[in-house]
Amino acid sequence: MLQIEDFSLYVMFCVLAPLVGAFTLLFLFIFEKRIDLLENQANKLVLEKELQQAKYFQLNQQIQPHFFFNTLNSILSLARLNRMGELIRAIEVFSKFLKVKYKSNQSICTVAEELEYSSYYLEIQKIRFQSRLTYTIAMEEQVKQVAILPFLIQTLVENAFKHSFEKYPGKAQLNITLTLSNSHVLLTVWNSSEGVHLNNYQDARGHGLTNIKRRLQHMYAEEEASFQLIHEHGGTRAVVSWPVSYPTNLKKEAKQNEHYISR
Amino acid sequence: MTKKKYSVYILGTLQLGIGFGIVTLLSRWVTGNTILSSPEALIKYGILGGLGYSLMGAFAFILFGFIATYIRKRYPMHQTIGDLLKEKTNPVGYWYTILLLLFTGMDSMFVQATGAAILFSLIFPVPLYISLFFFFSFCFIIAGLGGMQRIHQFAGISITFIFAAVILIPVYFYIQNGVYPVYEGVQLYHPYLLFWKNIDTFYFVITGIIIGFGQVLIDRATWQRVYMLKQSRIRTIFTLTGLIWATIPLSLSSLLLVVVYSGSFHDVKILLFQLVYNINSTLLIAIFLLFCFSAISSTLNAELHATTVFTVKNAISELIPLSDQNKWHLSYWITGMQCLFLYLVVIIISPTFIELLFFFGSIYAALISPILWMIFSRDRLSSFVPSTSAIAIFLSILSSSSTGHLGAIWVSFITSTSLCACFMLFRFLSIFREEKRKRLL
């Protein structure tokens, strides 16, 4: 048998329940449109992210034929000149390069990995340019494991050859510097560019550098990453800056994004 | 989409979000049955009976929400439950199920109409045939001539009156008189209502969930509404509808205690309507009457419309090819004839409601497994699947004298489910044998 206290609770529950029901309904009528709007905005953001990611991978793919074409041309030149020893070495290095390149299809790599790719490329070019080419790589130890966009250094190096060293005779000097500054990584690729007409140089650089800019925009917030091409007396300096992060963190973020998208 | 298209008559022109989706479902499901059967549940099973009646509805809606999402995804081009039957059954099974669904539809409308008759006989000092004539004329105009769009417009007003009544009247009464006199009165006149350690109540609730689920599953009006709701919101709408709907029988239970605490009663059927004599405020009496009228008329409108659509689209159109314009005109006629039929029948017959609910409960329970199989199967099914319900209903009627109403529902449910399961097993075995034979050849 129910006691008066329990009965009171029962009555209170019966009386309040429809009130809660009505309030729920009223709340839905008032806020449903706003909830829909917020949901639409969230969906839009997710879609934009997805689109950016798709674009990012597409751009990443676009770089490959660009590089391959130039490298193969270098090897072809060696073959035409019948420099067999250097040709063999070039093919060996190129093979190593391809091995590293196709080992994984990462959207992010470490500075060390990226420099490894570039050093293979530089080695190929060194065979070709001989004593005419000198290059230096200066890097702080802690930068090695920092995340970098794949082919970022490679594209800058490749452009130096394509638009300066290959076109104009004279000494070919290339300096790569990587430093840390205020939680940002600062990459500088300087190349000597004697006799280069600045306007032509800038126009000709187009595709690869535009890719770098767009990829930086996709990967980092607009104000966090920057890219500058400075033409100075005796050379051209490409300066790229982006926030310090490590591939594992980025992978986690990417996974979280994927999870969010799938939800 | 022009107004000439019959699909406008069936589904209206809008896709409903959560708020309007809940309103349209509530207006269909806060019914004369809710007003008439929930007092009976309270009287028969005590205070837990009132709670149980609410739980039944909530669970039924939540369960159907899962299936409704699947239905909408799997059969995007359908509009009624008849379209599913057409796709999944052969002619014999199709016509059998159509007739059975029409029969249950008529029952549902009959309950609403009887509820209206009781209400009008209590409140209007005019002969019943006059008040009912106006009531059915109103239903004909809204459901028959107006179609889904008018029903939907009317649903909002109905829900406003329903919530106004179930909130204001108990609050007003219990604040004015307190809980204690009601408790004392119930203890004195109906002490069994306060007895809650009752195993029968749990049995009643579980059986009720089966009935409720079966009722929603085969409800033509609910199927139409599934196609009116925004697809991504269907599950949320049904879950919230279940939870909000459950609050109404709860409130009615508290109202019923207000009626019974002051003495004995002789007729459960008119118990809640006697509330009119217990409330002093004219405004609250008006709200209560509007609540009863809204609940009954909105359900009857939804049922009339759904049955009309079902008859025109899934029965007559199957026999005679009809243009959209013919379908519109035919719909007016069929709604009119249904109203006339109900008008005549209600004046003559008067059954006990909870018994009626449990008799039709056997039909709902018998249809659960065959309909679920139709929904989830990929192929057209044999006539045996729908006919399992006929065997189940027959057995439940035979056993009802020994098992009681609740037991008969279980007999019905278990029979059709077991027959379906056996048939499914037999089908798998024959497919397996056929595959094996082919491999040997």
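See above for the structure.
Here we summarise the structure given alongside this text. All residue numbers here refer to positions counted from 1 along the written sequence of the relevant chain. Lettering of chains starts at A and numbering of ligands starts at 1, both following the order in which they are written. Local features in a predicted model are, by the rule used here, given only for residues with pLDDT of at least 70; side-chain atom pairs are given and counted only at 80 or more, and totals for whole chains, interfaces and linings are based on all residues. With hydrogens and water stripped out, all remaining heavy atoms of the structure feed into the side-chain values.

**A word on the overall build of chain A**
Helix and strand assignments come from DSSP, with helices taken as H or I runs of at least 4 residues and strands as E runs of at least 2, each series counted from the N terminus. If you tally the helices and strands in chain A, you get 6 helices and 7 strands. Helices and strands appear in chain A in the N-to-C order α-α-β-α-β-β-α-β-β-α-β-β-α. Out of the 263 residues in chain A, the part that is buried amounts to 41%. The long-range fraction of contacts in chain A, counting pairs at least 24 apart against all pairs at least 6 apart in sequence, stands at 76%. Carbon together with sulfur atoms contributes 57% to the accessible area of chain A, which is approximately 14400 Å² in total. Burial status follows relative accessibility: with a 1.4 Å probe on protein chains alone, a residue under 20% of its type maximum counts as buried, one over 50% as exposed, and anything between as partly exposed. Note on contacts: a residue pair qualifies if any of its non-hydrogen atoms lie within 4.5 Å across the two residues. Here, Shrake-Rupley sampling with a 1.4 Å probe gives the accessible areas, and only protein chains in the shown set may cover a residue.

**Some details on the packing of aromatic side chains**
Residue and element names in this part refer to chain B. Any two rings among Phe, Tyr and Trp, with Trp reduced to its six-membered ring, count as a pair given centres within 6.5 Å; such a pair is stacked if its planes are under 30 degrees apart, edge-to-face if over 60, and tilted if neither. Evaluation of the coordinates by the stated rule reveals 26 aromatic pairs over all chains. Taken together, a centroid distance of 6.2 Å and an interplanar angle of 80° make the contact between Phe136 and Tyr343 edge-to-face. One end of the pair, Phe136, is in helix α6 (residues 128-145); the other, Tyr343, is in helix α14 (residues 324-348), with 207 residues separating them in the sequence. The burial state of Phe136 is the same as that of Tyr343; both residues are buried.

**Quick notes on α6(B)**
Spacing of three or four residues puts side chains on the same side of an α-helix, whose turn is 3.6 residues. Relative to the 26 Å expected for 18 residues at 1.5 Å per residue, α6(B) spans 24 Å between its end C-alpha atoms, a close match to the ideal helical length. Following α6(B) by one or two positions, B:Gly147 adopts a phi angle in the positive range, close to 70°. In this analysis, the expected span of each helix is defined as 1.5 Å times one less than the number of residues it contains.

**Re a nonpolar patch on the surface**
Residue and element names in this part refer to chain B. Patch rule: a residue counts if its relative accessible area is over 30% and it has no salt bridge; like charges are joined within 9 Å, and nonpolar side chains (Val, Leu, Ile, Met, Phe, Trp, Tyr) within 5 Å. For this analysis, a salt bridge means a side-chain nitrogen from Lys or Arg found within 4 Å of a carboxyl oxygen belonging to Asp or Glu. Taken together, the side chains of Phe124, Val126, Tyr129, Ile130, Phe133, Phe134, Ile347, Ile348 and Ile349 make up a nonpolar region of the molecular surface, amounting to roughly 920 Å² of accessible area. At the level of elements, α6 and α14 are the ones that each hand at least two residues to the nonpolar patch. When residues of the nonpolar patch are assigned to their parent elements, the largest contribution, 4 residues, is made by α6. Considering the arrangement of structural elements, one finds Ile349 in the loop between α14 and α15 (353-376).

**Focus: the interface of chain A and chain B**
In this assembly, 23 residues from chain A lie in contact with 35 residues from chain B. A 1.4 Å probe defines the accessible area here, and the buried area is the portion of it lost by two parts on being joined, summed over both. Together, the buried faces of chain A and chain B total about 2500 Å²; carbon and sulfur atoms form 78% of this surface. When the buried surface of chain A facing chain B is broken down by residue, A:Met1, A:Phe7 and A:Tyr10 rank first, second and third, together holding 24% of it. Remark: the boundary between chain A and chain B carries 3 salt bridges. Between A:Asp36 and B:Lys230 there is a salt bridge, with the nearest N and O atoms lying 3.8 Å from each other. Polar contact is defined as a pair of N or O atoms within 3.5 Å, subject to the rule that within protein one atom must be able to donate a hydrogen and the other to accept it, and that residues adjacent in sequence are counted only when both atoms are side-chain atoms. At the surface where chain A touches chain B, the tally comes to 3 residue pairs in polar contact (both at pLDDT 80 or more). The nonpolar class holds Ala, Val, Leu, Ile, Met, Phe, Trp, Tyr, Cys and Pro. Asp, Glu, Lys and Arg form the charged class, and all remaining residues, Gly among them, are polar. Across the side of chain A that touches chain B, the residue classes tally to 16 nonpolar, 4 polar and 3 charged.

**A closer look at the packing of helix α5 (residues 91-123) of chain B against α14(B)**
To describe two helices that pack against each other, one gives the angle between their axes and the distance between the axes. Residue and element names in this part refer to chain B. At a minimum axis distance of 10 Å, the contact between α5 and α14 shows a crossing angle of 55°. In terms of orientation, α5 and α14 fall into the oblique class. The two elements α5 and α14 cross, and the hand of that crossing is right-handed. On α14, the residues that touch Met106, Met109, Phe110, Ala113, Thr114 and Ala117 of α5 are Gln338, Phe341, Leu342, Val345 and Val346. Here an axis means a line fitted to C-alpha atoms, over the contact stretch when the element is a helix, while the angle between two N-to-C directions is reported on a 0 to 180 degree scale. Any angle that falls under 35 degrees is termed roughly parallel, while one over 145 is termed roughly antiparallel, one within 65 to 115 roughly perpendicular, and all others oblique. Each crossing gets its hand from how the near helix is turned against the far one by less than a right angle, where anticlockwise is left-handed and clockwise is right-handed.

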